[in-house]
Amino acid sequence: MALMVSPEMDQTDLIKIDRKEVEGNISQAFEEDVDQERSPSNLSEPIDVIEQTEERNYAVNCDKINQFSGPYAGMPKEVLLEYSSQICYRLPREILFWLIIAATLVLVACTISIIAISPKCLDWWQASPIYQIYPRSFKDSDGNGVGDLNGIKEKMDYFVGLNIKAIWISPVYKSPMKDFGYDVEDFEDIDPIFGTMEEFDSLLKTVHDKGLKLIMDFIPNHTSNKHRWFQLSRNRTGKYTDYYIWVNCKSELNKTTSPNNWVSLFGYSAWQYDEVRGQCYLHQFLKEQPDLNYRNTDVQEEMKNVLRFWLKKGVDGFRVDAVKYLLEAESLRNEPQVNLTQDPSNITSYNELYHDYTTTQVGIHDIVRSWRHVLNEFSTEPGRYRFIMTESYDNGELYKTMMYYGTPLQQEADFPFNFYLIDLDKDMSGNGIFKIVDYWMHNMPEGKWPNWVVGNHDNSRVASRIGVLYTDVVNMLLMTLPGTPTTYYGEELGMENIHVPEDEIQDPFGKFDPTQNRDPQRSPMQWDTSANAGFSTANKTWLSIHSNYMTVNVEVEKKEQNSSLNLYRELSFLRQKELPIHRGWMCYIWNDTDVFAYVRELDGLDSAFLIVLNFGKASVINLASKVPYLPKEANARLGTDSNKKGNKVQTASIVTSAGEGLVLEYRTHNPVHNMVEFKDKCYISQKACYLSSLGLLYKNC
């Protein structure tokens, strides 16, 4: 039987009919009749009436709907649409929709604003000290007396404990070892004395798993004379013919007449006659280290491919060795003598000439920029920036070193090594240290990142150079100055040089001039009190262990509250934790014969740090009278004497003994860098301000 729908039926009647259908009170035939008669053609008139009624009396209709049980599970689509189209349901839904849209837009706008005002995050090479490992001397894992890659891997937790995020490994390439790895036979292989390529890959994976970065030495100036390129070049084979710098020269009765007066760093002529080729080749280092010819574009491409080889493996950066020697003057002119009265035939030492034609030639920076471009190819992935630092001893010609920072438009190194603190023993005083620090900061290009080096494999250890008494205060200086500190292995312990008898010298430089021997600062790392200081199980190590290893070692110093190691660790964590020390302003406030003092502070933070370092004799200074608004008291956060940690220090009478350092924390709303009298004594590399209400950094402040 068909259901008749009359014009007088209102919306309520229709709903009742639907309820009965669902409850099974009508037959299937009746359902089909209802479906048929509800077709748009049959219901056009009633639906019009319903819509008009809804528009006029939606509140009443909602009440009518609510008289029944309301929406129910399993309702037909038509009923659901009837309910959902009512204003009392539709209006809240639309309000909620537009509120979500508005909130999303606000969140997007806030995110964009925060990104726009936020300063650039410091990268991994800025966030941590860089720890230099001399692989031969760090840890021997196979008992042959020489350190290796697996030994470094074994000690990975040591770096984590010191909060070290980046390690730099001196050369491990395949080499005849005439210069302990700086004479490379194959740039794409590991020397067996250190391990295998598989062991290197395993080390690299472990480094990354621990959250660290690995920096390798890149040695672009020369190769070993055993390198395949040199063997092909000396035989004039194809493109390799001009891979090195060859010139005509005379050789008679085992005596070579050199084409000019150039001298190698290791002494005597920089030219070596090759009998196979019948010419001389240039070597600015050992005769077994022929210089590459960087005026040959094939050589430049070869070395870029070397970088790509290691970058593809996942290496995070490079330290570029001896960069200033890459190019020589094509004219081959004689270099000027330092002593004009000296007989030219008697010149045998590198220091007897001015090296105007063999260092820092035009074109070097184009080469460095090309390497930066290669690293940029591998720096597109977030968090995988590839780092480059350059080594160039420029002997007081600081402008030459600063050029390796590049220009605002042409980036080169992330920073060139700053070696000037290596000379701190020449004027060991508060004034002397101030001059060295200010020399770099005053000349560094605006916005660039500073760095500090006190020791490395080429220079005497800090404890031997300036005395054990001052080891800790030097580490405190490194860790609290702005920029990236570089620590040579063992300096965190206060290790000293060993004594090497002249007949046991292994360093080729030391064999030429025993007074310049570099073996003493390369002795094995002192891990514990066991045989060979825990470095090796061998009967004899490649260099001897220092006799003080029973007291100066990792195991002992970990347990001593007032040890150099524990102070270094605390300084490392303090540097990371405290924004003023990590990336804030530095302002010099005091320097005299004994003391060098400076402030580290950040705009927006009321917490500031006063660093007081004694490089002379016992002293008492009054900083309260020197710095306006300086609080009367400051809290000792750290000190070379751990017993003073947590003490209150009177700023009008700060007492320090020889070699003592203090990191004092105080609160102020008057930062030193805003004071007129200190305007020219304050520096910051990447300015940022702290918004305490939101706990974030912002720029343009």
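Preceding this section is the structure that the text describes.
Residues numbered from 1 in each chain as written. Predicted model: local features only at pLDDT ≥ 70, side-chain atom pairs only at ≥ 80, totals over all residues. Heavy atoms only, no water.

Residue-level account of the sheet that holds strand 9 (residues 271-274), with values.
Strand order in the open sheet formed by three strands is 6-10-9, and the pairing between neighbours is antiparallel. In the strand order of this sheet, the two ends are held by strand 6 (246-247) and strand 9, each with one partner. Across two bridges, strand 6 lies against strand 10 (residues 279-282) in antiparallel orientation. Counterpart to Val247 in the pairing with strand 10 is Cys280. (Pairing = 2+ DSSP bridges. Helix = DSSP H or I, 4+ residues; strand = E, 2+ residues; numbered from the N terminus.)

Account for the pairing of strand 5 (residues 213-218), naming residues and giving values.
Consecutive side chains of a regular strand alternate in pointing toward one face of the sheet and then the other. Extensive coverage of strand 5 is indicated by the burial of six of its six residues. Here strand 5 shows a buried face lined by Lys213, Ile215 and Asp217 and a second buried face lined by Leu214, Met216 and Phe218. Sheet topology places strand 2 (residues 166-169) next to strand 5; four bridges connect them, and they run parallel. Looking across to strand 5, one finds that Trp168 is bridged to Ile215. Of the strand pairs in this sheet, strand 5 and strand 11 (residues 317-320) are connected by four bridges, and their pairing is parallel. Its bridge partner lying in strand 11, Asp217 is registered against Arg319. (Buried < 20%, exposed > 50% of the residue type's maximum accessible area, 1.4 Å probe, protein only.)

Quick rundown of the pattern of salt bridges? Include the residues and the values.
For the coordinates displayed, the defined rule picks out 30 salt bridges. Of the charged contacts in the structure, one is a salt bridge between Glu288 and Lys287, with a shortest N-O distance of 2.9 Å. Under the relative-accessibility criterion, Glu288 is labelled buried at 15%. Residue Lys287 is classed as partly exposed on the basis of its relative accessible area of 42%. The shortest N-O distance in the salt bridge between Arg319 and Glu391 comes to 2.8 Å. Taken together, the residues span a long stretch of sequence, with Arg319 in strand 11 and Glu391 in the loop between strand 12 (387-390) and helix 14 (398-402) at a distance of 72 residues. There is no split in this pair, since Arg319 and Glu391 are both buried. (Salt bridge = Lys/Arg side-chain N within 4 Å of Asp/Glu carboxyl O.)

Could you give me a rundown of the sheet that holds strand 5, with the residues and numbers involved?
A sheet is described by the order of its strands in space; here eight strands give the open sequence 13-12-11-5-2-1-15-14, paired in parallel fashion. Edge strands, defined here as strands with exactly one partner in the open sheet, are strand 13 (415-416) and strand 14 (451-453). Note that strand 11 and strand 12 share four bridges and pair parallel. Note that in strand 12 the partner of Val320 across the bridge is Thr390. Along the sheet, helix 12 (residues 297-313) makes contact with strand 5 and strand 11, crossing strand 5 at roughly 155 degrees. The sheet contacts of helix 13 (residues 364-377) involve strand 5, strand 11 and strand 12, and relative to strand 12 the element is tilted by about 160 degrees. (Contact = heavy atoms within 4.5 Å. Axes fitted to C-alpha atoms, helices over the stretch in contact; angles between N-to-C directions.)

If you had to explain helix 13 to someone new, which residues and values would you point to?
For helix 13, which comprises 14 residues, the first-to-last C-alpha distance of 21 Å matches the rise-based estimate of 20 Å (1.5 Å per residue) to within 8%. For helix 13, the tally of buried residues reaches 10 of 14 residues, placing the bulk of the element in the interior. Looking only at helix 13, the buried set comprises Ile364, His365, Ile367, Val368, Arg369, Ser370, Trp371, Arg372, Val374 and Leu375. For helix 13, the elements touching its buried residues are strand 5, helix 12, strand 11 and strand 12. (Expected span 1.5 Å × (residues − 1).)

Talk me through empty space enclosed by the protein; I want residue IDs and the actual numbers.
Under the criterion given, the structure shown has four cavities of 30 Å³ or more. By volume, the largest cavity amounts to about 70 Å³. Val454, Gly455, Val462, Thr471, Val474, Asn475, Leu478, Thr486, Thr487, Tyr488 and Glu491 together form the lining of the largest cavity. Secondary-structure elements contributing two or more residues to the lining of the largest cavity are helix 17 (471-480) and strand 15 (484-488). Top contributing element to the lining of the largest cavity by residue count: helix 17, with four residues. When its residues are assigned to classes, the lining of the largest cavity shows five nonpolar, five polar and one charged. (1 Å grid on protein atoms, 1.4 Å probe; cavity = no way out; pocket = protein on both sides within 12 Å on 5 of 7 lines; lining within 4 Å. Points joined across faces, edges and corners; volume = space filled by probe spheres on them. Nonpolar A, V, L, I, M, F, W, Y, C, P; charged D, E, K, R; others polar.)

Tell me about helix 12, residues and numbers included.
Taking 1.5 Å as the rise per residue, helix 12 with 17 residues should run 24 Å; its terminal C-alpha atoms sit 25 Å apart, in good agreement. Turning to helix 12, its buried residues number three or more, namely Val299, Glu302, Met303, Lys304, Val306, Leu307, Arg308, Trp310 and Leu311. Of the residues flanking the start of helix 12, the one acting as N-cap is Asn296, its side-chain oxygen 2.8 Å from the backbone nitrogen of Asp298. Immediately beyond the C-terminal end of helix 12, within one or two residues, lies Gly314, with a positive phi of roughly 115 degrees. (Polar contact = N/O pair within 3.5 Å; in protein donor to acceptor, adjacent residues only side chain to side chain.)

Before we move on, can you summarise the side chain of Asp191 with the specific residues and values?
With respect to the element layout, Asp191 can be found in the loop between strand 4 (186-190) and helix 10 (197-209). Discounting residues that sit within four places of it in the chain, Asp191 has contacts with Val172, Tyr173, Lys174, Ser175 and Met177.

Account for the packing of helix 10 against helix 12, with residues named and values stated.
For the pair helix 10 and helix 12, the least separation of the axes is 10 Å and the interaxial angle reads 55 degrees. When the axis of helix 10 is compared with that of helix 12, the two are oblique. Residues Met197, Phe200, Asp201 and Leu204 of helix 10 touch helix 12, and the partners they reach there are Phe309, Trp310 and Lys313. Per-class residue counts for the contact of helix 10 with helix 12 are five nonpolar, no polar and two charged. (Parallel < 35°, antiparallel > 145°, perpendicular 65-115°, else oblique.)

The values reported here are purely geometric and, on their own, carry no functional implication.
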